[in-house]
Amino acid sequence: MASISDARPDTLVDRHGRAITYLRISVTDRCDLRCRYCMSEKMAFLPRSALLTLEEIALIADRFIARGVRKIRLTGGEPLVRRDVMDLTRRLGRHIGTGLDELTLTTNGVRLADHAEALADAGVRRINVSLDSLDADRFRHITRQGDLSKVLGGIRAAQAAGLAVKINMVALKGLNDDEIAPMLGWCVEQGLDLTLIETMPLGVVDEDRADRFLPLTDVLADLKTRFALVGDGHRSGGPARYWRVEGTDTRLGLISPLTANFCDGCNRVRLTTEGKLYMCLGHDDQVDLKTAFREGGLAAVDTAIGEALALKPARHDFSVARGAAPAVGRHMSVTGG
Ligand SMILES: Nc1nc2c(ncn2[C@@H]2O[C@H](COP(=O)(O)OP(=O)(O)OP(=O)(O)O)[C@@H](O)[C@H]2O)c(=O)[nH]1
Ligand SMILES: C[S@@+](CC[C@H](N)C(=O)[O-])C[C@H]1O[C@@H](n2cnc3c(N)ncnc32)[C@H](O)[C@@H]1O
Ligand code: SF4
Ligand code: SF4
């Protein structure tokens, strides 16, 4: 866990002594899919007038970089549906090697083929692509409208552009639990990493989370009977714990907020597309950086960021008990995952 004593003088440190070095930016709440665990079928999206402009996002990101953020991830909604996202990527990419160690992106992959080379040219070296099934019908069912072939084409294009690709798969009881081992096998064949994710109770969706929750402790025990998995001390700066499939290049990551809490090591905050800086995925504490910027410029942004550090909760209170209300009303697509 990062602590105040590890922190450089300009590093952002929260009231629990955790250095904030990772900024996740949701560039849009919109998406071209409607994954069942993420959104309800009928979602209302923000009007475009509510969004930060590209220039505002870039200026706010610069303030975080000046104060010790070393990793930025663009996310959403689906980041590649925002028309000017590549301009933003190029702009932020200029910090790589100086202020930033890494600029990266999490995408559903649908539009990836059109953007893969430009992402690589902007300095992105690896991306995460969400893929919950390799069966076209099931993929369409989970995403409500997705075309698997486009995602697979996007992954191939990313690899051809030299990007390392990690697959994100949300483990869903009764929806894709029988595909987890085959997915890991496929990732080994394709030279991809795989991260499994426990479903988190954010926003009201159209089914009870308890019906879909799959503890990754059980999944890991099963995978260990099928693959030679060796503990791997790799850290990406994100929440996953890693294993390597022995004799291969593939890493298996587990993101287990319910069964293996990782909040002690939290190093991240989230900027939404309307300029709210959320201090935790599972809580409502936030400051409004859009208003701060529009009323007081970057000095007011700096002050607001400082104030936000005092709001960061120690940990989430997620519950996937039957009938439990979601931890917060906003959907994952709004907070940016
Ligand atoms: N509870 C919780 N979940 C998180 C956090 N950060 C990321 N996740 C979840 O982890 C999943 C994968 O996130 P990604 O966008 O791939 O980011 P990452 O795990 O930081 O990625 P890497 O840089 O590859 O480690 C998503 O479902 C996120 O919501 C976090 O701080 N808390
Ligand atoms: C919100 S999406 C945004 C980026 C992009 N649209 C995508 O799907 O990769 C980011 C990540 O959050 C995951 N996610 C969404 N809702 C979730 C939930 N309720 N619990 C756990 N992970 C979730 C997705 O699977 C995806 O990997
Ligand atoms: S997980 Fe990503 S692709 Fe799926 S609905 Fe949410 S934002 Fe869209
Ligand atoms: S749930 Fe909140 S405190 Fe825990 S790791 Fe995620 S953002 Fe950090």
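As annotated in an unreviewed UniProt entry, the protein is GTP 3',8-cyclase from Sphingomonas hengshuiensis. Heading Catalytic activity (unreviewed entry) of the UniProt record for the protein holds this comment: "GTP + AH2 + S-adenosyl-L-methionine = (8S)-3',8-cyclo-7,8-dihydroguanosine 5'-triphosphate + 5'-deoxyadenosine + L-methionine + A + H(+)". Turning to the protein, the UniProt annotation filed under Function (unreviewed entry) states: "Catalyzes the cyclization of GTP to (8S)-3',8-cyclo-7,8-dihydroguanosine 5'-triphosphate."

Novice: Tell me what's going on with the packing of helix H3 (residues 112-121) against helix H5 (residues 148-160), and back it up with residues and numbers.
Specialist: In contact at an axis separation of 8 Å, H3 and H5 are set at 15° when each is read in the N-to-C sense. Comparing the axis directions of H3 and H5 gives the class roughly parallel. The interaxial crossing formed by H3 with H5 has right-handed handedness. Taking contact as the criterion, the partners of Leu112, Ala113 and Ala116 in H3 are, on H5, Gly153, Gly154, Ala157 and Ala158. Classifying every residue of the contact of H3 with H5 by side-chain character gives five nonpolar, two polar and no charged.

Novice: Provide a residue-level description of the site of ligand 4, including the pertinent values.
Specialist: If you check the shell around ligand 4, you find Pro239, Pro257, Phe262, Cys263, Cys266, Cys280, Leu281, Gly282, Arg315 and His316 and nothing else. Residues that form the shell around ligand 4 fall into these classes: seven nonpolar, two polar and one charged.

Novice: Now, about the UniProt feature "binding site: [4Fe-4S] cluster 2" (unreviewed entry) in the protein: what can you tell me, with residues and values included?
Specialist: As recorded in UniProt, the sites labelled "binding site: [4Fe-4S] cluster 2" (unreviewed entry) are Cys263, Cys266 and Cys280. Spatially, the listed residues are clustered: although they cover 18 residues, their C-alpha atoms lie within 9.5 Å of one another. One can find Cys263 in the loop between strand S11 (251-255) and strand S12 (268-271). For Cys263, a count of 17 C-beta atoms within 10 Å gives the class partly exposed. Ignoring sequence-local partners within four residues, the contact set of Cys263 consists of Ala314, Arg315 and His316. Counting through the fold element by element, Cys280 comes out in the loop between strand S13 (276-278) and strand S14 (286-288).

Novice: Tell me about the pairing of S11, and please be specific about residues and values.
Specialist: Burial runs high along S11: four of the five residues are buried. With four bridges connecting them, strand S8 (residues 193-198) and S11 associate as parallel partners. Looking at S11, one finds that Thr195 is bridged to Gly253. In the sheet, strand S10 (residues 241-245) pairs with S11 via four bridges, with the strands oriented antiparallel. Within S11, the residue paired with Arg244 across the bridge is Arg251. Connecting the antiparallel pair S10 and S11 is a turn made up of five residues, with Gly247 showing a positive phi of about 80°.

What counts, and at which threshold
Residues numbered from 1 in each chain as written. Chains lettered and ligands numbered in written order. Predicted model: local features only at pLDDT ≥ 70, side-chain atom pairs only at ≥ 80, totals over all residues. UniProt positions renumbered as here; feature names shortened; annotations may be inferred. Axes fitted to C-alpha atoms, helices over the stretch in contact; angles between N-to-C directions. Helix = DSSP H or I, 4+ residues; strand = E, 2+ residues; numbered from the N terminus. Parallel < 35°, antiparallel > 145°, perpendicular 65-115°, else oblique. Left-handed = near helix turned anticlockwise from the far one by under 90°. Contact = placed C-beta atoms within 7 Å. Nonpolar A, V, L, I, M, F, W, Y, C, P; charged D, E, K, R; others polar. Near = placed C-beta within 6 Å. Buried ≥ 20, exposed ≤ 12 C-beta atoms within 10 Å, placed from the backbone. Pairing = 2+ DSSP bridges.

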